[in-house]
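Residue-level structural notes
Take a look at the letters that make up each chain.
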Amino acid sequence: MPRPTRAPRPRGRSGSRTRRLLELHLAVLVVTALASMTVLLASYREVQNSAGEMRTHGAPAVQGVAATQLALLRAHQEAQDSVDSGIDNVIGAGARYENQLAAADQGLSRLSDVQIDGERGRGVLKTVNGLLTSYSSSMTPGAVKYVDDDLMQREKFDEAERILRREGTGVVPRLDVLQKHQMRRVGRVSSMGALQQTGWAVAELGLLVLALTALSALWVLRVRCGRSHDPWLLLSLLAAVALAVVPLWATTVTQERLDTARGRLVAIEQHAHQDDRLELARSQRFVTAGSTTVRGGLAAQPWQSWTYYGALGGGALIVLLPAVGICRRLNADYWRAG
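I will try to describe carefully the structure that is included in this document. Here the structure is a predicted model, which means the values were calculated and not measured.

Remarks on the overall build of the chain
What the chain contains, in helices and strands, is 10 helices and zero strands. Counting across all 338 residues of the chain, residues that qualify as buried make up 46%. Looking at the chain alone, contacts between residues at least 24 apart form 84% of all its contacts between residues at least 6 apart. Surface accessibility of the chain: about 17,500 Å² in total, with carbon and sulfur atoms responsible for 58%.

Here it is in structure tokens:
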């Protein structure tokens, strides 16, 4: 049985031009694949990191300030209620006051670990801790020591009120400033900025160029080389389409969750200012439930990590597959002609 003969390699100018054309396609495919995948992976990871930061720091920090403010306002209200109802001479400021003040103190301790305003935030919390000690030193004697001295009791209560609410320097206004800075940070972390949007635009544009170049290379192989198709280039084309769709879809889902979380944190922040006793209790429940919902909504899903590693593997494919496909044709059909 005669051995199959190998197709003769094209010679002359036509073969040389075709080889250079294939080499150009190969260079464009490799460069665009490397550039687009570098940007895509960085952009995808950035959004996932934002969700993680929101869950571990942003949401607890905003919830912590709101819960601390509400606990302080509730403690103050409970102490005043004990005086207004005339039971302060029996139980002092009351157990509810003590519980709420303890909750506020614990909230401040937790905030020192999760607040997202950096050194400025730590300075605010240090000042607030000192003011809280002063507040307790005024409120507790007013509700316990001076129950039979209305004038001194009122003086102590007014003093505690000033420490709590005094504009600019009171406990609540200082926490408001901290919360304002934290909400700005939350807004920056949870929003896709111009740099991120540019990154995705570059990545998608690069993948589009890669797909079009792969189609062009398939056309060259068909028209100039008589190859009806090349499985390596076809696979790289499918991988490029998948990379253009799946990571972007996953990022859109994550960004929607970030937007929802930001909206809920805004609602939590708005519930931190109440004066009515019943509304204070409702707001405390709202803040607790809202924080759980926010962190649950931002919890990392297994498919998010798999998407990243899948994109990493797909990036390797769109670099290697075109190189294999075109180099096979170059070695099989062409030599380097002058």
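Considerations on the packing of helix α5 (residues 150–165) against helix α6 (residues 171–190)
Contact geometry for α5 and α6: axes closest at 3 Å, N-to-C directions at 10°. When the interaxial angle is binned, α5 and α6 end up roughly parallel. On the side of α5, the interface is formed by Ile163, Leu164 and Arg165, while α6 contributes Val171, Val172 and Pro173.

Focus: the layout of surface pockets
Put simply, the largest pocket is a space of about 300 Å³. Lining the largest pocket are 16 residues, and of these Gln63, Gly64, Ala67, Gly107 and Arg110 sit closest to its centre. If you list the elements that add at least two residues to the lining of the largest pocket, you get α1 (12–84), α3 (95–114) and α9 (277–297). When residues of the lining of the largest pocket are assigned to their parent elements, the largest contribution, seven residues, is made by α1.

Structural notes on empty space enclosed by the protein
Inspection of every chain in the model, using the stated rule, returns one cavity of 30 Å³ or more. For the largest cavity, the calculated volume is near 30 Å³. Around the largest cavity, the lining residues are Glu53, Met54, Gly58, Ile116, Arg185, Val186 and Val189. Sorting the residues of the lining of the largest cavity by element identifies α1 and α6 as the ones contributing at least two each.

Let's talk about the packing of aromatic side chains
In this structure the tally under the stated criterion is two aromatic pairs. Between Tyr44 and Tyr308, the aromatic rings sit 6.4 Å apart at their centres with planes inclined by 20°, giving stacked as the arrangement. Of this pair, Tyr44 sits in helix α1 while Tyr308 sits in helix α10 (residues 302–333); the two residues are 264 residues apart in sequence, bridging distant segments of the chain. With respect to class, Tyr44 is no different from Tyr308; both count as buried. Between the aromatic rings of Tyr308 and Tyr309, the centroid separation amounts to 5.5 Å while the plane-to-plane angle is 80°, which identifies the pairing as edge-to-face. Among the aromatic residues, those joined into a ring-pair cluster are Tyr44, Tyr308 and Tyr309. Across the ring face of Tyr308, the terminal group of Arg45 is positioned such that the distance to the ring centre comes to 3.9 Å.

Brief notes about the pattern of salt bridges
This structure, assessed with the given rule, holds seven salt bridges. When the shortest N-O distance is used, the salt bridge between Arg154 and Asp158 registers 4.0 Å. Of this pair, Arg154 and Asp158 both sit in helix α5, four residues apart, which is roughly one turn of the helix. Looking at Arg154, the relative accessible area reads 39%, which means it is partly exposed. When its relative accessible area of 32% is taken as the criterion, Asp158 is described as partly exposed. Between Asp259 and Arg262 there is a salt bridge; the shortest N-O distance is 3.2 Å. Here the residue Asp259 and the residue Arg262 both occupy positions in helix α8 (residues 231–270), the gap between them amounting to three residues, near one helical turn.

So, how was this worked out
Residues numbered from 1 in each chain as written. Predicted model: local features only at pLDDT ≥ 70, side-chain atom pairs only at ≥ 80, totals over all residues. Heavy atoms only, no water. Helix = DSSP H or I, 4+ residues; strand = E, 2+ residues; numbered from the N terminus. Buried < 20%, exposed > 50% of the residue type's maximum accessible area, 1.4 Å probe, protein only. Contact = heavy atoms within 4.5 Å. Areas by Shrake-Rupley, 256 points an atom, 1.4 Å probe, with all protein chains shown as cover. Axes fitted to C-alpha atoms, helices over the stretch in contact; angles between N-to-C directions. Parallel < 35°, antiparallel > 145°, perpendicular 65-115°, else oblique. 1 Å grid on protein atoms, 1.4 Å probe; cavity = no way out; pocket = protein on both sides within 12 Å on 5 of 7 lines; lining within 4 Å. Points joined across faces, edges and corners; volume = space filled by probe spheres on them. Phe/Tyr/Trp six-rings, centres within 6.5 Å; stacked < 30°, edge-to-face > 60°. Lys NZ or Arg CZ within 6 Å of the ring centre and 35° of its normal. Salt bridge = Lys/Arg side-chain N within 4 Å of Asp/Glu carboxyl O.

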